[in-house]
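Inside the fold
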Amino acid sequence: DGGITQSPKYLFRKEGQNVTLSCEQNLNHDAMYWYRQDPGQGLRLIYYSQIVNDFQKGDIAEGYSVSREKKESFPLTVTSAQKNPTAFYLCASSIGDRKNEKLFFGSGTQLSVL
Amino acid sequence: AQSVAQPEDQVNVAEGNPLTVKCTYSVSGNPYLFWYVQYPNRGLQFLLKYITGDNLVKGSYGFEAEFNKSQTSFHLKKPSALVSDSALYFCAVSDSSGSARQLTFGSGTQLTVLP
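The paragraphs below set out a description of the structure included in this document. No experiment lies behind these values; they were computed from the predicted model shown.

Considering the overall build of chain B
Looking only at helices and strands, one finds zero helices and 12 strands in chain B. Shown N-terminal to C-terminal, the secondary structure of chain B runs as helices and strands in the order β-β-β-β-β-β-β-β-β-β-β-β. Here the C-alpha atoms of chain B give a radius of gyration of 13 Å, agreeing with the 13 Å that 2.2 N^0.38 yields for 115 residues. Along the longest, intermediate and shortest principal axes, the C-alpha atoms of chain B span 40 × 30 × 20 Å. In chain B, which comprises 115 residues, the proportion classed as buried is 47%. Long-range pairs, those at least 24 residues apart, make up 57% of the contacts in chain B with a sequence separation of at least 6. About 5100 Å² of surface is accessible on chain B, with carbon and sulfur atoms providing 48% of the total.

See below:
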């Protein structure tokens, strides 16, 4: 979707295990975002990054960690501290200034607990 | 705190009939309002956005949305529904910063267009 690649499409986590979701974009966008989607709920912001080597917590950051070492990449680690990790995870990037900002989404990763 | 309500979890409409997906919002100041569409196991796609100006906003795939400030609503509409319009639709609101960091999404409305 729009030059944002998320992998894997499906991921299974064992109890106590950390897992990392990949997000790569070739759109040359500065800002990147991670959202969590649960059935019957809207998207909730986990983390976002405006520039390389900088990221900020969103509304539900507990149990997650991110890095932004390259402009193109924004991996999300779901740690063992996240007790309810089963959800659909969406990565997005954006272009434009604040008033004209437009989000582009990847196809998502479905994370399930074994 | 800002919020978005999509009062209908499911909307069914016959192909060729007009469709409406409802959205109401609450935010301080002037709102930025968005509609996104999600097809199964895919990311969200941008449909349209209201910033200011005309209350009727035209977007992709023949969709439009009507902003009503007094009713704090931003309903999505299409004059003639297609089976391919069947998808999950999300309304979202941002405060006057317009920033994606401030976006609040509704819970989504599943639209099914029946042939």
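On we go from here.
Remarks on the pattern of salt bridges
This model, assessed by the stated rule, comprises six salt bridges over all chains. A salt bridge links Glu66(B) to Lys77(B); the shortest N-O distance between them is 3.1 Å. Of this pair, Glu66(B) sits in strand S8 (residues 64-68) while Lys77(B) sits in strand S9 (residues 73-78); the two residues are 11 residues apart in sequence, bridging distant segments of the chain. Given a relative accessible area of 38%, Glu66(B) falls into the partly exposed group. Taking the shortest distance from any N to any O, the salt bridge between Lys78(B) and Asp85(B) comes out at 2.8 Å. Each member of the pair Lys78(B) and Asp85(B) is classed as buried. Through salt bridges with shared partners, a single ionic network connects Arg36(A), Asp38(A) and Arg44(A).

A short note on the packing of aromatic side chains
Summed over the entire model, instances satisfying the criterion amount to 14 aromatic pairs over all chains. Each ring, one from Tyr36(B) and one from Phe46(B), has its centre 5.9 Å from the other, and the planes form 75 degrees; the classification is edge-to-face. With Tyr36(B) in strand S5 (residues 32-38) and Phe46(B) in strand S6 (residues 44-50), this residue pair connects regions lying 10 residues apart in the sequence. On the accessibility criterion, Tyr36(B) (1% relative accessible area) is buried. Ring pairing ties together the aromatic residues Tyr33(A), Tyr35(A), Tyr48(A), Phe105(A), Phe34(B), Tyr36(B), Phe46(B) and Phe105(B), which thus form one cluster. A cation sits over an aromatic face here: Arg68(A) above Phe74(A), 5.9 Å from the ring centre.

Here we look at the state of the cysteines
Residue and element names in this part refer to chain A. As enumerated under the stated definition, the model contains two disulfides over all chains in all. Covalent S-S linkage joins Cys23 and Cys91, the inter-sulfur distance amounting to 1.9 Å. Because the sign of the S-S torsion sets the handedness, a value of about -70 degrees for the bond joining Cys23 and Cys91 places this disulfide among the left-handed ones. With a gap of 68 residues between them, Cys23 in strand S3 (residues 19-25) and Cys91 in strand S9 (residues 87-95) connect regions that are remote in the sequence. A relative accessible area of 0% places Cys23 in the buried class. According to the relative accessible area criterion, Cys91 is buried, its value standing at 0%.

Calculation criteria
Residues numbered from 1 in each chain as written. Chains lettered and ligands numbered in written order. Predicted model: local features only at pLDDT ≥ 70, side-chain atom pairs only at ≥ 80, totals over all residues. Heavy atoms only, no water. Helix = DSSP H or I, 4+ residues; strand = E, 2+ residues; numbered from the N terminus. Rg over C-alpha atoms; globule rule 2.2 N^0.38 Å. Buried < 20%, exposed > 50% of the residue type's maximum accessible area, 1.4 Å probe, protein only. Contact = heavy atoms within 4.5 Å. Areas by Shrake-Rupley, 256 points an atom, 1.4 Å probe, with all protein chains shown as cover. Salt bridge = Lys/Arg side-chain N within 4 Å of Asp/Glu carboxyl O. Phe/Tyr/Trp six-rings, centres within 6.5 Å; stacked < 30°, edge-to-face > 60°. Lys NZ or Arg CZ within 6 Å of the ring centre and 35° of its normal. Disulfide = S-S within 2.5 Å.

Keep in mind these numbers describe shape, not what the thing actually does.
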